[in-house]
Amino acid sequence: MPEMTPENQPVLIINCGSSSIKYALIENTEQPRNERIEGLAENLGTPEAKLSGHDKAQKFSIDMPNAQHTHALQAILARLGQQMPMAIGHRVVHGGEFFNSAQRIDADILQKIRELIALAPLHNPANVMGIEATLAVFPHLPQVAVFDTAFHHSMPPKAYRYALPELLYTEQKIRRYGFHGTSHAYVTERASTLNQHQTPYGWLSAHLGNGCSTCAVWNGQSVDTSMGLTPLEGLVMGTRSGDVDPGLHGHLQRVLGWDLPRIDKLLNKESGLLGLSGLSNDMRTLEQAVADGHAGAQLAIAVFCYRLAKSLAALSCGLPVLHGIIFTGGIGENSAGIRAQTIALLPHFQAHLDTDKNDQLPRGQEGRIDTGAGLQLWVIPTDEEGRIAAETRPLIGL
Ligand code: AMP
C-alpha cells in the first residue's frame, strides 16, 4: 500500500455535456495514463444510453436505456470500487471575466457559472447540470471548477477586444475569451519542461480535435488564441465553420429567409470539414477518401491546413520570439499528413520537418519531429484530465 501523500490522493475528473459525461480517476500525479479508470456515458436520456470505458486495462460497456445524468454518475461511482476520490474536478467551458483560475465550488461560484450561460448557451448549462448532479451523488466531496477560458485571461486588450463599440464590451462583456485553455497550458508547459532551460519560451500550440484552436504562449502565459466570444471563431473544425464574414448572417437572412437558430445550426453543426467535404467530420475518413480520389475531401483538408497555417502565422505576431510549434488533439497527435501539409505552408518560419520522425512517431507518444536545424516542432499528446486534477489538488489542500 503506497503512503498517502498529497500527490497520490485520487481525484475524479468530470466533463459533462448535454447528453454525455466523460470521467477519469487520476489516482496520483505519477500514474501512467493507460492505468487510469476512465470512461464515457453517452446518449443520456435516450434509449441508446450506455456507459463504456476501461477500469485500468479492463474494457467494459453497459447499456443503460434512458439513463439520465444522475443515474450515470451513480453507475460511474459503482465502477470506482474501492478507489473513493478525495475531490472532484469539473471541466467548465466558460468562466467569463469572473475567473482567471480554478475555483472551489460553493453556492456563489455555481451561481456565477449559471450567469455565464448567456455567454455559453451551448456548454455552461450542461456543466451546471453536471455539477448539480455530482453534488447530489457525492455530497461530501469538495468540488472544483476548472475553466477552459481561464488560461487566456493573460491576453492583452489588443488580442481580446473586438473592433465594436465599447459599450458592448463594458455592459455585455462581448470580447474574445478563448477556449481549450487546459490543453494549451498543458502542452506548452510540457514543451518547456522537455527543453530544460530557463529561457522564457515562445510557443504556438495547435489543438486539433473535433474542436480546433491555436494559441500563442509566451513565458507560460497565453497572449493570443484563435477562438473568441464562443468556440466558433477561428479554425476550420469538424462541423464548425470557424471564421466567416460577419456579413454572412444578414446575407442568409435576406436571400434565404433564414432565422438565427437556423444560421447557428449551419455554422456549428453542418459546416467545417463536414460541410466542405460533403462526406464526414472525421479526419480519418477524409484522409482515406483523399487516397481514393474524393475531390470534396481533398478540398476540405486543403482549406483546413491553409487556415491553420494562416492562424499560426497571425498568432506569431503576439510572441517576441518563436521557439516552436506544438501539435496536439486527435488530429494533431495522429495525422502526420496534416502536420506535414501545414508546416509546408510556413516556409518563412524556418521550420524543417523530419519526415521520417513525423511519419514514424508512435501513436499516443510525444516527440520532436524537426531536423534540429531551426524551429522546434513537437507532437505532445494533451492531458486535459491530468491538468484539471493538478489544478484541483491545491485548492482542496492536497
Ligand atoms: P478529439 O476531439 O481530440 O478526440 O479528436 C477527434 C479527431 O481526431 C477526429 O477528426 C478524428 O478523425 C481525428 N483522429 C483520430 N485519430 C486519427 C488518426 N489516426 N488520423 C487522423 N485523424 C485522427
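Keep in mind that what you see is a predicted model, and the values were worked out from it rather than measured.

Caption draft 1: Just the environment of threonine 188, in detail. Along the chain, threonine 188 turns up in helix α6 (residues 181–195). Residues threonine 188 and glutamine 221, 33 residues apart in the sequence, show an inter-C-alpha distance of 9.4 Å. When residues no more than four places from it in sequence are discounted, the contact partners of threonine 188 are Phe151, Trp203, Ser205, Val217 and Ile326.

Caption draft 2: Seen up close, helix α2 (residues 107–115). The set of residues buried in α2 consists of Ile109, Leu110 and Ile113. Looking straight down α2, one finds that the buried residues subtend no more than 100 degrees of arc, so they occupy a single side. Packing partners of the buried residues in α2 comprise β6 (87–92), β7 (103–104), α3 (124–137) and β8 (143–147). Here α2 starts with a cap whose side-chain oxygen sits 3.1 Å from the backbone nitrogen of aspartate 108, and that cap is aspartate 106.

Caption draft 3: Quick look at the site of the ligand. Taken together, 13 residues lie around the ligand, and Asn210, Asp282, Met283, Gly330 and Arg363 are the ones closest in. Backbone polar atom of asparagine 210 to an oxygen atom of the ligand: 2.9 Å apart, as the coordinates give it. In this structure, methionine 283 approaches the ligand through a main-chain N or O atom, which is 2.9 Å from an oxygen atom. Across the complex, the protein chains shield 75% of the 500 Å² of accessible surface that the ligand would expose by itself. At the level of elements, α10 (283–291) and α12 (329–334) are the ones that each hand at least two residues to the shell around the ligand.

Caption draft 4: Structural context of unusual backbone geometry. Positive phi outside glycine occurs at asparagine 66, with the angle close to 65 degrees. With respect to the helices, strands and loops of the structure, asparagine 66 is situated in the loop between β5 (58–63) and α1 (69–79). Even without being glycine, glutamine 196 reaches a positive phi, approximately 55 degrees. The residue glutamine 196 is located in the loop between α6 and β9 (202–208) in this model.

Caption draft 5: Looking closely at the pairing of strand β4 (residues 50–55). Judged from the six bridges that link them, strand β3 (residues 37–42) and β4 form a sheet pairing that is antiparallel. If you follow isoleucine 37 over to β4, its bridge partner there is aspartate 55. Examined bridge by bridge, β4 and β5 share six bridges and lie antiparallel to one another. Following the sheet pairing, lysine 50 is matched in β5 by aspartate 63. Hairpin geometry of β4 and β5 is characterised by an intervening segment of two residues between the two adjacent antiparallel strands and by a positive phi of about 60 degrees at lysine 56.

Caption draft 6: Local environment of the sheet that holds strand β14 (residues 376–379). Spatially, the six strands line up as an open sheet ordered β11-β10-β9-β12-β14-β13, and their pairing is mixed. The strands lining the two open edges of the sheet, one partner per strand, are β11 (221–225) and β13 (367–368). Bridge count between β9 and strand β12 (residues 324–328): five bridges; the pairing is parallel. In the strand pairing of β12, serine 205 is matched with isoleucine 326. Of the strands in this sheet, β9, β10 (212–218), β11 and β12 are in contact with helix α11 (residues 295–315), which crosses β10 at around 20 degrees. In the packing of helix α13 (residues 336–344) onto the sheet, contacts are made with β9, β12 and β14, and the angle to β12 comes to roughly 150 degrees.

Caption draft 7: Structural view of the packing of aromatic side chains. What the rule picks out here adds up to four aromatic pairs. A ring pair is formed by tyrosine 160 and tyrosine 169, whose centres lie 6.0 Å apart and whose planes are at 45 degrees; its orientation type is tilted. For tyrosine 160, a relative accessible area of 14% gives the class buried. Taken together, Phe98, Phe99 and Phe147 form an aromatic cluster joined through their ring pairs. A cation over an aromatic ring shows up here: arginine 175 above the ring of tyrosine 177, its NZ or CZ 4.7 Å from the ring centre.

Caption draft 8: Main features of the pattern of salt bridges. This structure, assessed with the given rule, holds 19 salt bridges. One salt bridge in this structure joins arginine 175 and glutamate 97, with 2.9 Å as the shortest N-O distance. Of the two residues, arginine 175 is situated in the loop between α5 (166–170) and α6 and glutamate 97 in the loop between β6 and β7; the sequence distance between them amounts to 78 residues. Residue class for arginine 175 comes out buried when judged on its relative accessible area of 5%. Linking glutamate 233 and arginine 176 is a salt bridge whose minimum nitrogen-to-oxygen distance equals 3.0 Å. Separated by 57 residues along the polypeptide, glutamate 233 in the loop between β11 and α7 (248–256) and arginine 176 in the loop between α5 and α6 bring together distant segments of the chain. The two residues glutamate 233 and arginine 176 agree in class, both being buried. Within this structure, Arg91, Asp148 and Glu384 form a network of salt bridges that share partners.

Caption draft 9: Examining the nonpolar core more closely. Leu204, Leu208, Met283, Phe304, Ile325 and Ile338 are the most contacted members of the largest nonpolar core, which has 40 residues in total. Secondary-structure elements contributing two or more residues to this core are β9, β10, α10, α11, β12, α13 and β14. Beyond its immediate chain neighbours, meaning those up to four positions away, phenylalanine 304 contacts Leu208, Cys212, Val236, Leu273, Met283, Ile331 and Ile338. Counting residues in each nonpolar core, the second largest holds 24 residues, with Tyr23, Leu80, Phe138 and Leu141 among its members.

The rules behind each value
- Residues numbered from 1 in each chain as written.
- Predicted model: local features only at pLDDT ≥ 70, side-chain atom pairs only at ≥ 80, totals over all residues.
- Heavy atoms only, no water.
- Helix = DSSP H or I, 4+ residues; strand = E, 2+ residues; numbered from the N terminus.
- Contact = heavy atoms within 4.5 Å.
- Buried < 20%, exposed > 50% of the residue type's maximum accessible area, 1.4 Å probe, protein only.
- Arc of directions from axis to C-beta.
- Polar contact = N/O pair within 3.5 Å; in protein donor to acceptor, adjacent residues only side chain to side chain.
- Near = heavy atom within 4 Å.
- Areas by Shrake-Rupley, 256 points an atom, 1.4 Å probe, with all protein chains shown as cover.
- Pairing = 2+ DSSP bridges.
- Axes fitted to C-alpha atoms, helices over the stretch in contact; angles between N-to-C directions.
- Phe/Tyr/Trp six-rings, centres within 6.5 Å; stacked < 30°, edge-to-face > 60°.
- Lys NZ or Arg CZ within 6 Å of the ring centre and 35° of its normal.
- Salt bridge = Lys/Arg side-chain N within 4 Å of Asp/Glu carboxyl O.
- Core = buried A, V, L, I, M, F, W, Y, C linked by side-chain atoms within 4.5 Å.

Distances and angles like these do not, on their own, reveal function.
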